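# Coordinate analysis (summary)
One letter stands for each residue in the lines below.
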Amino acid sequence: MYFIANWKMFGGLNSLNSIHKVVKFFKTFKKNKFIKIIYCPPSTLIRPMSKKLKNTNIDVGAQNCHEQDTYGAFTGSINSMMLKNVGAKYVIIGHSENRQAGETNKLINLKIKNALKSGLKVIFCIGETLQEKRKKITKKILNKQIKLGLNKIKNKKNVIIAYEPVWSIGTGLIPKSNELFKTIDFIKKKIKNNKVLYGGSVNPKNIYELKLINNIDGYLIGGASQDPKKFIDIIKKTYN
Ligand code: 13P
């Protein structure tokens, strides 16, 4: 099971103290062999965080990258090679917050290709909006996002899919269990042999409901991952 913390645009150097508790908990947690924890802090914290997490089996990832894998005149941008250089092993690509800001499937495809080329593992986000859900075109949307996002990528072994319905992000809402099972199943049939995670308002309460859906390979957690107590709680409750 994957437990991925997406801190989004939150956190300064002082927030690194909070991961101590998670490191301590994880060392003694009896199921830790079956778990992969990945922290995706803002880019400013990748280096100090990866230093702090040295000698633990917790990894660090980035939240996005520029599509070009070589240096270039792109003010304000960071590419996958640079992220790898400062300690990132993963990168989130295609998050709905970036799709909403204008990222197209084509651009996402280029980012994934070049991030893989740089040696990063990719957490590839897909998901429908509320409007698309109401129109009952969720499958069509997911299919398109997968097809175009992974276009001409032969080796997909370093790609993890994160299904994040846009309407569930930050809203406290999660899909109905049977619907979520079916959607994850649909994604797994489209892209075989890849892990498929769920993301969107995962918290220490609804984890009881989510953990019963037995085709989910882990969670991409936003808000609740910034609080070490909540993050630990989610992991613990997944197993008891
Ligand atoms: P929340 O858990 O805050 O809803 O965010 C989910 C998310 O966007 C993770 O990438």
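Keep in mind it's a predicted model, so treat the numbers as computed, not measured.

### Details of the environment of L53
Relative to the helices and strands, L53 is located in the loop between α2 (46-52) and β3 (59-62). Among the residues examined, L53 registers a relative accessible area of 4% and is labelled buried. For the pair L53 and H66, spaced 13 residues apart in sequence, the C-alpha separation works out to 25 Å. Leave out the neighbours within four places in its chain, and L53 touches I19, V23, Y39, I58, D59 and V60.

### What to know about unusual backbone geometry
In this structure, K8 takes a positive phi of about 50 degrees despite not being glycine. Its place among the elements puts K8 in the loop between β1 (2-6) and α1 (19-28). Look at K8 and you get buried, because its relative accessible area is 18%. A positive phi is found at N193, a non-glycine position, where the angle reads about 70 degrees. Considering the arrangement of structural elements, one finds N193 in the loop between α8 (177-190) and β7 (196-199). Using a relative accessible area of 84% as the deciding quantity, one classes N193 as exposed.

Calculation criteria
Residues numbered from 1 in each chain as written. Predicted model: local features only at pLDDT ≥ 70, side-chain atom pairs only at ≥ 80, totals over all residues. Heavy atoms only, no water. Helix = DSSP H or I, 4+ residues; strand = E, 2+ residues; numbered from the N terminus. Buried < 20%, exposed > 50% of the residue type's maximum accessible area, 1.4 Å probe, protein only. Contact = heavy atoms within 4.5 Å.

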